[in-house]
Number of protein chains: 2
Amino acid sequence: MSPDRLSRVFAALADPTRREILSRLSSGTRSVRELAEPHDMSLPAISKHLRVLERSGLIARTRDAQWRPCQLQAAPLKAAVDWMEQYRQFWEQSFDRLDDYLQKLQAAQAKEPHAAQKKPKQKKR
Amino acid sequence: MSPDRLSRVFAALADPTRREILSRLSSGTRSVRELAEPHDMSLPAISKHLRVLERSGLIARTRDAQWRPCQLQAAPLKAAVDWMEQYRQFWEQSFDRLDDYLQKLQAAQAKEPHAAQKKPKQKKR
């Protein structure tokens, strides 16, 4: 996928209304009117979001009906996930570090009486 | 992750320069000047991109040096990938369909002489 196409996919996903539209389309095709319903939005406003999604390749509007229902096209998401996967080792490392830290914290709390003998804490009286 | 934070992560990724910055930071911390070098960009323009990345949580600027080096923070990518994973079945289906189509096409080409007997094609002379 070209850098421009990848940018269009990420830009399309950078809006909660557009992500909600994709989520609704995952259960089947929908008309523009149906997609507008749950949002307090005008048809032109929803149409603008649909154009962004269409340009990114994340939805397609079928031509078999006059009302041109919208359909989810998930393939561009694969390219986006593939791009992100190259950073998996980094986020796993950061979660591992957090995990280590929490384990050490728990271990320290479990050993607290012993630790307190070595390095007595000042207690409130 | 809140919808707003997720939107900020996707918006930050929707630019090839910002993705390139993340890629460079995956090999270690860098100064703003170092990040600006490979791009034909002013320091203020790069700084603007860095602010977008910083607000999305994808980079952090350490405070241990006066030049405040930038550091990759990959954890928000996990939330973005997790969000995308709910669509995996859809993109896998679409690639499976493409695969089926290509296999049928190859099978049809392999059988072509036989198919041609049944339904002769007009040949150019």
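Refer to the preceding data block for the structure.
Below or above, wherever it landed, is the structure these notes cover. (Residues numbered from 1 in each chain as written. Chains lettered and ligands numbered in written order. Predicted model: local features only at pLDDT ≥ 70, side-chain atom pairs only at ≥ 80, totals over all residues. Heavy atoms only, no water.)

## A closer look at a nonpolar patch on the surface
Quick reminder of the rule: Every patch collects residues that have over 30% relative accessible area and no salt bridge, joining them within 9 Å if they carry like charges and within 5 Å if they are nonpolar side chains (Val, Leu, Ile, Met, Phe, Trp, Tyr). Here, Shrake-Rupley sampling with a 1.4 Å probe gives the accessible areas, and only protein chains in the shown set may cover a residue. When a carboxyl oxygen of Asp or Glu lies within 4 Å of a side-chain nitrogen of Lys or Arg, that pair is called a salt bridge. Think of it this way: any DSSP run of H or I at least four residues long counts as a helix, any run of E at least two long counts as a strand, and we number them from the N terminus.
A surface patch of nonpolar side chains, amounting to about 380 Å² of accessible area, comprises L98, Y101, L102 and L105 of chain A. With respect to the secondary-structure elements, L102 of chain A resides in helix α6 (residues 88-110).

## Here's the deal with the environment of S7 of chain A
The condition is simple: The contact criterion used throughout is that any non-hydrogen atoms of two residues lie within 4.5 Å.
With respect to the secondary-structure elements, S7 of chain A resides in helix α1 (residues 3-13). Residues S7 of chain A and E112 of chain A lie 105 residues apart in sequence; the distance between their C-alpha atoms is 51 Å. Not counting residues within four places of it along the chain, the set of residues in contact with S7 of chain A comprises A14, D15, P16 and R19 of chain B.

## Brief notes about the interface of chain A and chain B
Just so we agree on the cut-off: When two parts are brought into contact, each loses some accessible area as probed by a 1.4 Å sphere; the total of that loss over both is the buried area. Any pair of nitrogen or oxygen atoms within 3.5 Å is treated as a polar contact; in protein, a donor-acceptor pairing is required on top of that, and neighbouring residues in sequence qualify only through side-chain atoms on both sides. Only Asp, Glu, Lys and Arg are considered charged, only Ala, Val, Leu, Ile, Met, Phe, Trp, Tyr, Cys and Pro nonpolar, and every remaining residue, Gly among them, polar.
Counting from both sides, the interface comprises 28 residues of chain A and, opposite them, 28 residues of chain B. Carbon and sulfur atoms make up 78% of the area that chain A and chain B hide from each other, which totals about 2600 Å². Here chain A is connected to chain B by 6 residue pairs in polar contact (both at pLDDT 80 or more). Contributing elements (two or more residues each) for the side of chain A that touches chain B: α1, α2 (16-25), α5 (75-85) and α6 of chain A. At 8 residues, the largest contribution of residues to the side of chain A that touches chain B is made by α5 of chain A. Tallied by class, the residues present in the side of chain A that touches chain B amount to 20 nonpolar, 4 polar and 4 charged.

## Description of the pattern of salt bridges
All names here are of chain A. Note the cut-off: Each residue gets one of three labels from its accessible area relative to the maximum for its type: buried under 20%, exposed over 50%, partly exposed in between, using a 1.4 Å probe on protein chains only.
Scanning all chains against the criterion turns up 6 salt bridges over all chains. Between K78 and D82 there is a salt bridge, with its nearest N and O atoms 2.8 Å apart. Within this pair, K78 and its partner D82 are both found in helix α5, separated by 4 residues, close to a single helical turn. Its relative accessible area of 41% is what places D82 among the partly exposed residues. Close ionic contact of E85 with R88 constitutes a salt bridge, the shortest N to O distance being 2.7 Å. Owing to a relative accessible area of 26%, E85 belongs among the partly exposed residues under this scheme. Residue classification places R88 among the partly exposed residues on the basis of a relative accessible area of 29%. Salt bridges here are not isolated pairs; linked through shared partners, they connect E85, R88 and E92.

## Thoughts on helix α4 (residues 43-56) of chain B
Residues and elements named next belong to chain B. This is how the line gets drawn: Helix span is expected to be 1.5 Å times the residue number reduced by one. Each direction from the helix axis to a C-beta atom contributes to the arc, which is the arc of those directions.
Its 14 residues place the ends of α4 20 Å apart at the C-alpha level, agreeing with the 20 Å of an ideal helix rising 1.5 Å per residue. Along α4, the residues classified as buried are I46, H49, L50, L53 and S56. Angularly, the buried residues of α4 cover 120° about the axis, an arc narrow enough to put them on a single face. Exposed positions of α4 whose direction lies more than 90 degrees from the buried face are P44, K48 and R55. Buried residues along α4 sit against α1 (3-13), α2 (16-25), α3 (32-36), β1 (59-61), β2 (70-72) and α5 (75-85).

## Digging into the packing of aromatic side chains
Residue and element names in this part refer to chain A. Our working rule: Geometry of aromatic contacts follows a simple scheme: Phe, Tyr and Trp rings, the Trp one being its six-membered ring, pair when their centres are within 6.5 Å, and the pair is stacked under 30 degrees between planes, edge-to-face over 60, tilted otherwise.
With the rule as written, the count across this model stands at 7 aromatic pairs over all chains. With a centroid separation of 5.9 Å and an interplanar angle of 70°, the aromatic rings of F10 and W83 are classed as edge-to-face. Note that F10 is positioned in helix α1 and W83 in helix α5, a separation of 73 residues in sequence. Residues F10 and W83 agree in their burial class; the two are buried. Between the aromatic rings of Y87 and F90, the centroid separation amounts to 6.2 Å while the plane-to-plane angle is 45°, which identifies the pairing as tilted.

Bear in mind that shape data such as this cannot, by itself, settle questions of function.
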